[in-house]
Amino acid sequence: MNKFLSSSLIVAGLLLASAPVSAKTLNLGFTPPLDSHYGDAGKAFKAKIEELSGGDITVSLKPAGALGGERSVVEGLQIGAIEMTISSTGPIGNFVPDVYALDFPFLFKSYESAHKVLDGEIGQELLDQMADSDLIGLAWAENGFRHITNSKHPIVKPSDLEGIKLRTMENEVHIAAFQALGAAPTPMSWTEVLTALQQGTIDGQENPTPIITVNHMWEIQKYVTMTGHVYSPAVVLMSKVHWDQLSEQEQKWVKEAAHVAAEASRATVAAKEKSGVQLMIDNGMEVVTDVDKDAFAAAVQPVYDEFAPKYAPELIQRIRDAQK
Ligand code: EAX
């Protein structure tokens, strides 16, 4: 072999040896489509972490339930099969019981007060607790205040829910709440909901405005009632298995990028809340906006009586006090 060729091979070998460790790719799953508040959060996270790490950490976004429903994806994080997710807190109570407190009906008064609680010591305590379940809670993103859609008839008062087959998240507080309202709650993963509505196996579901509009639910649901019955946080989560493989500096970058993602979701929710009702009306939905929330709140009081003592009652009181 001539001298030139051998020396260039040596140089190439030396360059390869000094190259950084192969870049880490983080798969980040969520159930809404890419053009949603979760997708905006995912894109913001991807841009920020790739900027901070100089490309050493890259992100592969997996929208629209590509990795499965929220509960199964969280199970995937626990065993390290999936690196990250942005998930509503709906199923998280199954892994971190105190998180159930966040999903109690009519607990949060407004977006501002929800942000105040989640961005304060209560929110941080709950994020920290997730490590006990092999999850790293990075930041509080946002799903939004949940409203009821159905295909049967307008829901104006609680008794109108009588007999409505309503999909809920896999969350026993929500199941109990809709039982108390007289509905027939059916817990299921979001990945099954649109098909179940199309096939008529369920009559309705409940979700925030950005979920209703991004999924064009006017194609399969006629009626919406703006109950705002639950404030639904979303959490930016990482598998502890993968978190532990990051350097301290990389962990700082991931946390910073997660907060950027959370802010992006809140900004998109705020924008879609403004335009969402008109979009539903423009697409033929009958929207009940003047809702007697006190009547719905009174009807779900049994849920507090039954479940608050079970799920950190002092936490629920702290959340109430923090909003005064
Ligand atoms: O997280 O399952 C649900 O209804 C959630 O709100 C949705 O997947 C977005």
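Counting restarts for each chain, with residues numbered from 1 along the sequence as it is written. Local features in this predicted model are restricted to residues of pLDDT 70 or higher, and side-chain atom pairs are both shown and tallied only at a pLDDT of 80 or more, whereas totals for entire chains, interfaces and linings draw on every residue. Side-chain numbers here rest on the full set of heavy atoms in the structure, without hydrogens or water.

## Let's talk about the overall build of the protein chain
Okay, so step 1: Each helix corresponds to a stretch of at least 4 residues labelled H or I by DSSP, and each strand to a stretch of at least 2 residues labelled E; elements are numbered beginning at the N terminus. Each helix and strand counted, the protein chain has 13 helices and ten strands in total.
Okay, so step 2: Dimensions of the protein chain, computed from the C-alpha atoms along their principal axes, are close to 90 × 45 × 30 Å.
Okay, so step 3: Taking all 324 residues of the protein chain together, 53% fall into the buried category.
Okay, so step 4: Here, two residues are considered to be in contact whenever any of their heavy atoms come within 4.5 Å of each other. Considering only intrachain contacts with a sequence separation of at least 6, the fraction spanning at least 24 residues in the protein chain is 75%.
Okay, so step 5: For the area figures, the Shrake-Rupley method with a 1.4 Å probe applies, and any residue is considered shielded solely by the protein chains shown. Summed over its atoms, the accessible surface of the protein chain is roughly 13600 Å², and 55% of this surface lies on carbon and sulfur atoms.
Okay, so step 6: When charges are counted, Lys and Arg are positive and Asp and Glu negative, with His and the chain ends excluded. Taken as the charge centre is NZ of Lys, CZ of Arg, CG of Asp or CD of Glu, depending on the residue. Both charge centroids of the protein chain, one from 26 positive and one from 41 negative side chains, sit 3 Å from each other. For every residue, the accessible area (1.4 Å probe, protein chains only) is compared with the maximum for its type, and the residue is labelled buried under 20%, exposed over 50%, or partly exposed between those bounds.

## Examining the site of the ligand
Okay, so step 1: Neighbouring residues of the ligand: Thr31, Tyr38, Glu70, Ser88, Asn143, Arg146, Arg167, Met169, Trp190, Asn207 and Ile211.
Okay, so step 2: Here Glu70 contributes a side-chain N or O atom positioned 2.5 Å from an oxygen atom of the ligand.
Okay, so step 3: In the model, an oxygen atom of the ligand is placed 2.7 Å from a nitrogen or oxygen of the Asn207 side chain.
Okay, so step 4: Contact with the protein chains covers 99% of the free accessible surface of the ligand, which is 260 Å². Whether a residue is near a molecule or strand depends on its heavy atoms: if one lies within 4 Å, it is near. For the purposes of these results, a polar contact is taken to be a pair of N or O atoms within 3.5 Å, where, inside protein, one atom must be able to donate a hydrogen and its partner to accept one; residues adjacent in sequence count only when each atom of the pair is a side-chain atom.

## Overview of the environment of His147
Okay, so step 1: Along the chain, His147 turns up in strand S4 (residues 135-150).
Okay, so step 2: Put simply, His147 and Thr227 are 80 residues apart on the chain and 5.1 Å apart in space, counted from C-alpha to C-alpha.
Okay, so step 3: Among all residues touching His147, those that are not within four sequence positions of it are Gln205, Glu206, Asn207, Pro208, Thr209, Ile212, Thr225, Met226, Thr227, Gly228, His229 and Glu273.

## A word on the packing of aromatic side chains
Okay, so step 1: Planes of paired rings set the category: under 30 degrees apart is stacked, over 60 is edge-to-face and the rest tilted, where pairs are Phe, Tyr or Trp rings (Trp by its six-membered ring) whose centres lie within 6.5 Å. For the structure shown, the criterion picks out seven aromatic pairs.
Okay, so step 2: Ring centres of Phe108 and Tyr231 lie 5.4 Å apart, and the angle between their planes is 65°; this geometry places the pair in the edge-to-face category. Highlighted residues: Phe108 in the loop between strand S3 (84-88) and helix H4 (111-118) and Tyr231 in strand S9 (residues 231-239), separated in sequence by 123 residues. Here Phe108 and Tyr231 have matching classes, each one buried.
Okay, so step 3: An aromatic cluster is present here, built from Phe108, Tyr111, Phe145 and Tyr231 joined pairwise through their rings.

## Some details on the pattern of salt bridges
Okay, so step 1: In what follows, salt bridge is the name for a side-chain nitrogen of Lys or Arg lying within 4 Å of a carboxyl oxygen of Asp or Glu. What the rule picks out here adds up to 16 salt bridges.
Okay, so step 2: Linking Lys252 and Glu248 is a salt bridge whose minimum nitrogen-to-oxygen distance equals 3.9 Å. Highlighted residues: Lys252 and Glu248, both in helix H10 (residues 248-282), separated by four residues, approximately one helical turn.
Okay, so step 3: Several salt bridges share partner residues, and in doing so they unite Asp119, Glu263 and Arg266 into one network.

## Description of the pairing of strand S6 (residues 184-187)
Okay, so step 1: Two strands qualify as a pair provided that DSSP identifies no fewer than 2 bridges between them. Inspection of the sheet shows strand S5 (residues 165-168) paired to S6 by four bridges, in the parallel sense. What sits directly across from Thr168, in S6, is Pro187.
Okay, so step 2: Handedness of a crossover is defined as follows: orient the strands so they point away from the viewer, and if the path from the first strand over the helix to the second runs clockwise, the crossover is right-handed. Handedness of the crossover joining S5 and S6 through helix H6 (residues 172-180): right-handed.

## Structural notes on the confidence of the model for the protein chain
Okay, so step 1: Residue-level confidence of the predictor, termed pLDDT, takes values from 0 up to 100. Summing up the model confidence of the protein chain, the mean pLDDT is 94 and the portion of residues at 70 or higher is 93%.
Okay, so step 2: Across residues 16-21, confidence stays below pLDDT 50; counting only partners more than four residues off in sequence or on other chains, it has one contact.

## Things to note about the environment of Leu67
Okay, so step 1: Relative to the assigned elements, Leu67 resides in the loop between strand S2 (57-62) and helix H3 (70-79).
Okay, so step 2: In sequence terms Leu67 and Gln124 are 57 residues apart; their C-alpha atoms lie 27 Å from each other.
Okay, so step 3: If near-sequence neighbours (up to four positions away) are discounted, Leu67 is found in contact with Gly29, Lys62, Val73 and Ile82.

## A few points about helix H2 (residues 37-52)
Okay, so step 1: Expected span, for any helix, means 1.5 Å times one less than how many residues it has. Over its 16 residues, H2 extends 23 Å from the first C-alpha to the last, a length consistent with the 22 Å expected when each residue adds 1.5 Å.
Okay, so step 2: Among the residues of H2, those classed as buried are His37, Tyr38, Gly39, Ala41, Gly42, Ala44, Phe45 and Ile49.
Okay, so step 3: Two residues or fewer past H2, Gly54 is found with a positive phi of approximately 65°.

## Overview of the packing of helix H5 (residues 121-129) against helix H13 (residues 313-322)
Okay, so step 1: All axes here are fitted lines through C-alpha atoms, helices being fitted over the stretch that makes contact, and every angle between N-to-C directions spans 0 to 180 degrees. The geometry of H5 relative to H13 is characterised by a closest axis approach of 10 Å and an angle of 145° between their N-to-C directions. Facing Glu121, Ile122, Glu125 and Leu126 of H5, the residues of H13 in contact are Leu315, Arg318, Ile319 and Ala322.
Okay, so step 2: Looking at the contact of H5 with H13 residue by residue, the class counts come to five nonpolar, no polar and three charged. When residues are grouped by polarity, Ala, Val, Leu, Ile, Met, Phe, Trp, Tyr, Cys and Pro land in nonpolar, Asp, Glu, Lys and Arg in charged, and all others, Gly among them, in polar.

## Overview of unusual backbone geometry
Okay, so step 1: Positive phi values are uncommon outside glycine, yet Asp134 reaches one of about 60°.
Okay, so step 2: The topology assignment puts Asp134 in the loop between H5 and S4.
Okay, so step 3: The exposure class of Asp134 is partly exposed, given its relative accessible area of 39%.
Okay, so step 4: Even without being glycine, His216 reaches a positive phi, approximately 50°.
Okay, so step 5: Among the structural elements, His216 can be located in the loop between helix H8 (209-214) and strand S8 (223-225).

## Some words on the pairing of strand S1 (residues 24-29)
Okay, so step 1: With six bridges connecting them, S1 and S2 associate as parallel partners. Bridge pairing in S2 places Lys24 opposite Ile57.
Okay, so step 2: Read from S1 through H2 to S2, the crossover connection turns out right-handed.
Okay, so step 3: Of the strand pairs in this sheet, S1 and S3 are connected by two bridges, and their pairing is parallel. In the strand pairing of S3, Leu28 is matched with Met84.

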